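# Structure at a glance
Next come the chains, spelled out residue by residue.
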Amino acid sequence: MLRRLSLRQRLLLVVLLPAAALAAAIAGLFVVRSTQAADEALRERGLAIVSFLAPAAEFGVISGNAGTLTNLVQAVLEQRDVAAVAIFDSAGERIAVSGRPRLAVPARILASREATVLDQRDQRLTLAAPVLSAPLAVDDLATRVSGTSQLMPAATGWVYVELDTQALDATKRTILATTLTLTCVGLALTAWLATRLARALTDPVMNLARAVDEMADGRLDIAVPENSAIAELRTLQRGFNTMAQSIASAHHTLQARVDEATAQLAHQALHDPLTGLPNRRAFEQALDEAVSASRRAGDQGALCFIDLDRFKIVNDTCGHAAGDELLRRIAKLLRERVRANDLICRVGGDEFALILRGCSAEEAARIAETLREAVAAFRFNWEGRRFSVGASVGLVRIDGGLDSAADVLVAADLACYAAKKGGRNKVIEHEMTARTPQNEPHLYITGPEGIPFSQLELYGQRIVSIKPPQSPPWHEVLLRIRDGEDVLLTPGELLARLARGSAGLLLDQWVLERACAHLARRSDDAHSPASRLGLNLTPASLSEAARYFDALQEQLHRHGLAPQRLVLEIPAALAAQCPKECAAFAALARDAGCALALERLDGNASALLAEIRPDYVKISLKTLTDAYGLEAGCNLAQALCGMAAALSIRTIASEVEDELFREALADYGFDYAQGLMVEAPAALRH
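Here the structure is a predicted model, which is why all the values come from computation and not from measurement.

## Focus: the overall build of the protein chain
- What the protein chain contains, in helices and strands, is 21 helices and 24 strands.
- Buried residues in the protein chain amount to 43% of all 686 residues.
- Sequence separation of 24 or more characterises 67% of the internal contacts of the protein chain that already satisfy a separation of 6 or more.

## What to know about the side chain of D508
- In this structure, D508 sits in helix α13 (residues 502–524).
- Sequence-distant contacts of D508, that is, excluding residues within four places in its chain, are made with N536, L537, T538, S541 and Y548.

## Focus: the pattern of salt bridges
- In the structure shown here, the tally under the stated rule is 28 salt bridges.
- Here R238 ties to E226 by a salt bridge, and the two come within 3.8 Å at their closest N and O atoms. Of this pair, R238 sits in helix α6 (residues 231–270) while E226 sits in the loop between α5 (166–216) and α6, and the two are 12 residues apart along the sequence.

## Focus: the packing of aromatic side chains
- With the rule as written, the count across this model stands at seven aromatic pairs.
- Over the ring of W474 we find R532; its NZ or CZ atom is 5.5 Å from the centre of that ring.

## Quick word on the sheet that holds strand β13 (residues 390–398)
- Taken in spatial order, the five strands make up an open sheet running β9-β10-β8-β13-β14, and their pairing is mixed. The open sheet has two edge strands, β9 (343–346) and β14 (427–429), and neither has a second partner. Between one strand and the next, the sheet's axes are offset by a mean angle of 20°, whatever the strand orientation.
- Its contacts with the sheet place helix α7 (residues 280–296) against β8 (301–309), β9, β10 (351–357) and β13, and it is angled at close to 30° to β10.
- The sheet strands contacting helix α9 (residues 320–335) are β8, β9 and β10, and the helix crosses β10 at an angle near 10°.

## Overview of the packing of helix α19 (residues 621–628) against helix α20 (residues 630–646)
- Where α19 contacts α20, the two axes come as close as 7 Å, and the packing angle between them is 135°. Considered as vectors, α19 and α20 are oriented oblique to each other. Handedness of the α19/α20 crossing: right-handed. Across the interface between the two elements, L621, L624, T625 and Y628 from α19 touch L630, A632, G633, C634, L636, A637 and L640 from α20.
- Partitioned by chemical class, the residues of the contact of α19 with α20 number nine nonpolar, two polar and no charged.

## Things to note about the pairing of strand β7 (residues 154–164)
- Counted residue by residue, β7 has eight buried out of 11 residues, so it is predominantly covered.
- The pairing of strand β1 (residues 82–89) with β7 spans seven bridges and is classified as antiparallel. Across the sheet, the residue bridging to A84 is E162, located in β7.
- Note that strand β4 (residues 124–133) and β7 share 10 bridges and pair antiparallel. By the bridge assignment, R124 is partnered in β7 with D164.

## Overview of the confidence of the model for the protein chain
- The share of residues in the protein chain with pLDDT of 70 or more is 89%, and the mean pLDDT across the chain is 83.
- Across residues 145–149 the pLDDT falls below 50, and counting only partners more than four positions away or on other chains, this stretch makes three contacts in the model.
- Below a pLDDT of 50 lies the segment residues 433–448, which in the model reaches 32 contacts outside its immediate sequence neighbourhood of four places, other chains included.

## Considering the pairing of strand β11 (residues 379–382)
- Taking every second residue as pointing to the same face, the buried face of β11 carries F380 and W382, while none of R379 and N381 on the other face is buried.
- Relative to strand β12 (residues 385–388), β11 runs antiparallel, the two being bridged by four bridges. By the bridge assignment, W382 is partnered in β12 with R385.
- If you look at the hairpin formed by β11 and β12, you'll find two residues sitting between the two strands, and E383 has a positive phi there, around 50°.

## Points about α9
- Its 16 residues place the ends of α9 22 Å apart at the C-alpha level, agreeing with the 22 Å of an ideal helix rising 1.5 Å per residue.
- Every buried residue of α9 is accounted for by A322, G323, E325, L326, L327, I330, A331, L333 and L334.
- Among the structural elements, β8, α8 (311–318), β9, β10, α10 (361–377) and β11 are those in contact with the buried residues of α9.

## Structural notes on α19
- Considered for burial, the residues of α19 that qualify are L621, L624, T625, A627 and Y628. For α19, the arc enclosing every buried residue in end-on projection is 165°, short of the 170-degree limit, so these residues lie on one face.
- Once α19 finishes, G629 follows within two positions and takes phi at roughly 95°, a positive value.

## Focus: a nonpolar patch on the surface
- On the surface, L189, W192 and L193 cluster together into a nonpolar patch covering about 330 Å² of accessible area.
- By the secondary structure assignment, W192 is in helix α5.
- Accessibility expressed as a relative area gives 48% for W192, which makes it partly exposed.

## Topic: the sheet that holds strand β3 (residues 116–121)
- Reading across from one edge, β2-β1-β7-β4-β3 is the order of the five strands in this open sheet, with antiparallel pairing throughout. At either end of the open sheet lies a strand with only one pairing partner, and these are β2 (94–99) and β3. Between one strand and the next, the sheet's axes are offset by a mean angle of 15°, whatever the strand orientation.
- Where β1 and β2 come together, five bridges link them in antiparallel fashion. The partner of I87 across the bridge, within β2, is A96.
- Helix α1 (residues 7–56) contacts β1, β3, β4 and β7 of the sheet and is inclined by roughly 30° relative to β4.

## Details of unusual backbone geometry
- Phi angles above zero are rare outside glycine, and R600 is one such case at about 60°.
- Assignment of secondary structure puts R600 in the loop between β20 (595–599) and α18 (608–612).

## Quick notes on the packing of α5 against α6
- Taken N-terminus to C-terminus, the directions of α5 and α6 make an angle of 10°; their axes are 10 Å apart at the nearest point. Relative to α6, the element α5 is oriented roughly parallel. Across the interface between the two elements, A200, L201, P204, V205, L208, A211, V212 and M215 of α5 pack against L233, L236, Q237, F240, A244 and I247 of α6.
- When grouped by side-chain class, the residues that make up the contact of α5 with α6 number 13 nonpolar, one polar and no charged.

## Digging into the nonpolar core
- Counting residues in each nonpolar core, the largest one holds 71 residues, and the members touching the most others are Y548, L568 and F585.
- With 10 residues, the top contributor of residues to this core is α13.
- Contacts of F585, omitting those with residues within four sequence positions, involve L537, S541, L542, A545, Y548, F549, L568, I570 and L596.
- Counting 36 residues, the second largest nonpolar core, distinct from the first, contains F311, I367, F380 and L395.

## Some thoughts on the environment of S90
- With respect to the secondary-structure elements, S90 resides in the loop between β1 and β2.
- In sequence terms S90 and G157 are 67 residues apart; their C-alpha atoms lie 4.4 Å from each other.
- The contact partners of S90, leaving out residues within four places of it in the chain, are A155, T156, G157 and W158.

## Here's the deal with the environment of D671
- Its location among the elements puts D671 in the loop between α21 (659–668) and β23 (672–673).
- Residue class for D671 comes out buried when judged on its relative accessible area of 18%.
- Distance in space between the C-alpha atoms of D671 and Q470 is 9.6 Å, their sequence separation being 201 residues.
- Among residues more than four places away in sequence, those in contact with D671 are V464, S465, I466, K467, I649, R650 and T651.

Quick notes on the rules
- Residues numbered from 1 in each chain as written.
- Predicted model: local features only at pLDDT ≥ 70, side-chain atom pairs only at ≥ 80, totals over all residues.
- Heavy atoms only, no water.
- Helix = DSSP H or I, 4+ residues; strand = E, 2+ residues; numbered from the N terminus.
- Buried < 20%, exposed > 50% of the residue type's maximum accessible area, 1.4 Å probe, protein only.
- Contact = heavy atoms within 4.5 Å.
- Salt bridge = Lys/Arg side-chain N within 4 Å of Asp/Glu carboxyl O.
- Phe/Tyr/Trp six-rings, centres within 6.5 Å; stacked < 30°, edge-to-face > 60°.
- Lys NZ or Arg CZ within 6 Å of the ring centre and 35° of its normal.
- Pairing = 2+ DSSP bridges.
- Axes fitted to C-alpha atoms, helices over the stretch in contact; angles between N-to-C directions.
- Parallel < 35°, antiparallel > 145°, perpendicular 65-115°, else oblique.
- Left-handed = near helix turned anticlockwise from the far one by under 90°.
- Nonpolar A, V, L, I, M, F, W, Y, C, P; charged D, E, K, R; others polar.
- pLDDT = per-residue confidence, 0-100.
- Expected span 1.5 Å × (residues − 1).
- Arc of directions from axis to C-beta.
- Patch = residues over 30% accessible without salt bridge, like charges linked within 9 Å, V, L, I, M, F, W, Y side chains within 5 Å.
- Areas by Shrake-Rupley, 256 points an atom, 1.4 Å probe, with all protein chains shown as cover.
- Core = buried A, V, L, I, M, F, W, Y, C linked by side-chain atoms within 4.5 Å.

Structure, rendered in structure tokens:
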């Protein structure tokens, strides 16, 4: 019960309960003593009256003079509070009476031997006293008893008096009322003082308690009034305010540091720590917004994918510190030459991306050429050595022609790759199907997803072992397109247009179905040894890996093929752009039992070897020597083969088109070879 009481209630209870008990005890004692005193006074007065009346009535009683006794009792009746007076003779007969006696009992009256109180009830107090007659003392007639002379008085009558106690009762009521009034007034005054005291004690404490609760709820800018009349509580209030100010100050300081750290983390999450440029995450968000704006509001823009030329030479020759400094200076150079509303980002090792907002095609081409020229004119000096670098730029328009940001990115990447393959330090703009170059024959689109299935053919190029023990050769499946004039074309434009989305996945499933059918037919041919096929995959299968492997399992089961007869090939550049998707795809490939290969590996993507652990890796000596020079390219190829061997990954030399290279492949550490010097592609037999 006490636990439910507040502090103020407890203080009031502590003060008022003893005060009320003490006041009740004092008031009760006063009332009892006062009423007893009043009763005693009335009795003393009554005893005095009968004691006076008895001697006065002696003569009348002895003489029997009724008139004298009547006058006497009437005189007594006139006394205050006297209600009735009677005188009795020795026989108990009333010989004089005044008033109306109520309680006269002769037997009790006659039994009294001295002035005494007989009864008190019915608002009457009755008293009686004997009328004594003392014998006349005569010496000669005195009787001596034991040598002592005594005169024995005799009762000749009795006097009886009734006193009215109404006045006494009124006095008692007055005493009680006065006592209760004074007690209540005293208790009220005590309660007022106690309330004032309790408020003086509890209000500051309650204010402090509320302030503590608000601080616990997170409100720190709080203070309590320093107005307590009690010095100790005032000191406590002052101390609390000082503490609250210190906590609030510390909180603001900590919050400022947290906000600063959060802003720094947010900046780091969207910016490259080396160059300070926005990173790939910020680039992808901005690209999504640009593509959405082009479809929704018709905004035009462009994406430039910039890959530095000969950066690897600086990084390998002078070390990573030189490479980092070169990247910082190139980043500064690019940032100074773009418009205020454009976004330049670092998206990879030596790869940059530029989103041009609100930019026409002509203006985008001009800006891209300006950047290329600036990078080509830049000279990098490091420890007495002087280097020149270039930039291969892939340009694609953001005008609603491509469905998604991924399509735009793949198109820019393909254009950049075309710039590198075409001699580097160039700007190549990706052309949509509607803007087909004159030197590329038109495709007749016949499929429901824009895929010319009737024009597609599958070719295979053999991959041979160049190290003992010799293992059976296998083939990489190549897609070719036969146009209306029966000219065989490479599917570069088709793959760029169908790189993402359901159409790309549909194309990969179409190739998978025919490749499995071809393997099944070769297994049934007694004159043809069982072989393996390598299947190139579009980015769509990488992002829709679960659907692709469902189709793969269905085809393997349908044709009764072992999964080891399929090698799934992913471009290294694509794996570097989508590391999470590639890792998930590799895990599914291992679960399915298929081999995995990375193609076109260069120094920029060498970390993928340890991250993905493919079964095979394809390295193009032609590409490496074109990019880094003959000596540096061969050294890099040998280094990549050494890394792969250390990880138990078999290496394939792709695009072997030079007899000099073919003879040195084993010395470089390659396990397999593929290219025109090994065998030209041939149509797969149906």
